[in-house]
Amino acid sequence: MTFRDDLDLAADWAAAYIERVGELPVAAEVAPGAIRARLPESPPERGEPFSALLRDLDEVLLPGISHWNHPRFFAWFSNTGSEPGVLAELLVAALNVNNMTWLASPAATELEVTVMDWLAQLLGLPRGWHGQIEDTASTATVAALAAARTVRPGGVVYASEQANFSVEKAARLVGLEFRKVEVDAEFRMRADFPLADATAVVATVGTTGTTSVDPVPELARRCEEAGVWLHVDAAYAGSAAVCPELRWCLAGVERADSLVVNPHKWLFTPMDCSALWTRRPEAFHEAFALVPDYLASTEGAIDLKDYGPALGRRFRSLKLWAVLRWYGAEGLRELIREHVRLAQLFASWVEAEPGWQVTAPHPFSTVCFRREGCDNFELARAATATGEVFVAATRLNGQDVIRLAIGNARTTEDDIRRTWEVLQSAL
Ligand code: PLP
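Just so we're clear, the structure is a prediction, and the values are computed from it rather than from any experiment. (Residues numbered from 1 in each chain as written. Predicted model: local features only at pLDDT ≥ 70, side-chain atom pairs only at ≥ 80, totals over all residues. Heavy atoms only, no water.)

### So, the overall build of the chain
Inference 1: Across its full length, the chain carries 13 helices and eleven strands.
Inference 2: Expected size for 427 residues packed as a compact globule is a radius of gyration near 22 Å; at 22 Å, the chain falls within 12% of this value.
Inference 3: Over its C-alpha atoms, taken along the principal directions, the chain stretches across nearly 60 × 55 × 45 Å.
Inference 4: Relative to its 427 residues, the chain shows a buried fraction of 52%.
Inference 5: The contacts of the chain with a sequence gap of at least 6 include a subset with a gap of at least 24, amounting to 73%. (Helix = DSSP H or I, 4+ residues; strand = E, 2+ residues; numbered from the N terminus. Rg over C-alpha atoms; globule rule 2.2 N^0.38 Å. Buried < 20%, exposed > 50% of the residue type's maximum accessible area, 1.4 Å probe, protein only. Contact = heavy atoms within 4.5 Å.)

Following this line, the structure appears as structure tokens:
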């Protein structure tokens, strides 16, 4: 078999998978250790054909795969391994460049900077910010706090009690104290806490629990006055800003110091791809720039390794470029609008049904709801055990609730309708 033959096999596998993923049981139902027990204990002494790996992918691994690409995957923040993203990942591996410095692969650096500018335009962000791609929002937030620390060392990082736990982890990693700020009745961070000892405030646009939006304009004003860094975590909801009618969610962000949006959440880009912008690149440079003799910089060029924690950098911009070109602004808007419409439709069914309640505002594509008189963690488990849907539960104000997070480009109204039927009959 030649590489071309194997490519055909891989292409056939991927195409067939995408076509049939909706028919597979969406969540893996295996006991811990079951997949490992079916894998050889040691690597093969002799090389094996690629077809042997594909066979084991089907027979051994697939039963243990939870299908994030399934149109009825609604757990956590669902996402999409879109066609352009899948294709571009293949090309990224074929090129296998390491985008640590401009010299290491000039086109990779220049495409990254360009695609980040394109995305800034699509989201209505200010032009001229420095943008780069990190693996995850977790890393982007570590980078932002490390930059903030160069401006005001030794202070506290404030974020709401609804902020993603990656913010606390990032504070811990850069050696800053972390304090939680209370939220209001709609799960938004209160803006009236003291800032005197702060290094940074992290505001969330689209919290993990309910997708609430913190009062960024007010926080930006207070941070500006106090000389405190404002980082905005819009990992999920930032993508909504491709639609002008949803752009309110990024109001005030133009006055923030840094911002993260994850195209690998709600912008149809396969894992991993996290977009980080800053209007203060010099602080990132101070936090991260080191120039060893073997990586001398090039006059007039930017070396992205100097603006983030990693030296080795994947060519992630190629897949974001592929996604933005394949869908176009129009296609992205259409999908985001459809997801918001489906979420509102689902919420209206829940609200109309006696014994069920919607438990938080739902401005985007995620709905938190509960059935009264039962354990909603149990209900989510029972619904997921049908193999037809994947939903996860959480706790809000001490109450157990289920989250339906719509984010897959292949999800249709029929999928939402079926999910509602499954939920109503699961217990
Ligand atoms: N911020 C928010 C609001 C999130 O919901 C998440 C993950 O769901 C993160 C940050 C962390 O994202 P990542 O997995 O890219 O680190």
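### Examining the site of the ligand
Inference 1: For the ligand, the set of nearby residues contains 13 residues, the closest of which are Ala137, Ser138, Thr208, Asp233 and Asn262.
Inference 2: Here an oxygen atom of the ligand and a side-chain polar atom of Asn262 are 2.8 Å apart.
Inference 3: Within the complex, 84% of the 400 Å² of free accessible area of the ligand lies under protein.
Inference 4: Taken together, the elements giving at least two residues each to the shell around the ligand come down to helix 6 (137-151) and helix 9 (263-266). (Near = heavy atom within 4 Å. Polar contact = N/O pair within 3.5 Å; in protein donor to acceptor, adjacent residues only side chain to side chain. Areas by Shrake-Rupley, 256 points an atom, 1.4 Å probe, with all protein chains shown as cover.)

### Here we look at the pattern of salt bridges
Inference 1: In this structure the tally under the stated criterion is 30 salt bridges.
Inference 2: Arg179 is paired through a salt bridge with Glu177; the nearest N and O atoms lie 2.8 Å apart.
Inference 3: Each member of the salt-bridge network shares a partner with another, and the members are Arg72, Glu388, Asp415, Arg418 and Glu421. (Salt bridge = Lys/Arg side-chain N within 4 Å of Asp/Glu carboxyl O.)

### What about helix 6?
Note on helix geometry: an α-helix contains 3.6 residues per turn, so any two residues three or four positions apart are oriented the same way.
Inference 1: Under the 1.5 Å per step criterion, the end-to-end length of helix 6 is 21 Å for 15 residues, consistent within 8% with the ideal 21 Å.
Inference 2: Every buried residue of helix 6 is listed here: Ala137, Thr139, Ala140, Thr141, Val142, Ala143, Ala144, Leu145, Ala146, Ala147 and Ala148. (Expected span 1.5 Å × (residues − 1).)

### Brief notes about the environment of Arg325
Inference 1: Mapped onto the elements of the fold, Arg325 is located in helix 11 (residues 317-352).
Inference 2: The class for Arg325 is exposed, based on a relative accessible area of 54%.
Inference 3: Separated by 241 residues in the primary sequence, Arg325 and Pro84 place their C-alpha atoms 8.7 Å from one another.

### As for a nonpolar patch on the surface
Inference 1: A surface patch of nonpolar side chains, amounting to about 210 Å² of accessible area, comprises Leu39, Leu61 and Ile65.
Inference 2: Residue placement: Leu39 occurs in the loop between helix 2 (34-37) and helix 3 (50-61). (Patch = residues over 30% accessible without salt bridge, like charges linked within 9 Å, V, L, I, M, F, W, Y side chains within 5 Å.)

Coordinates in, geometry out; function isn't part of it.
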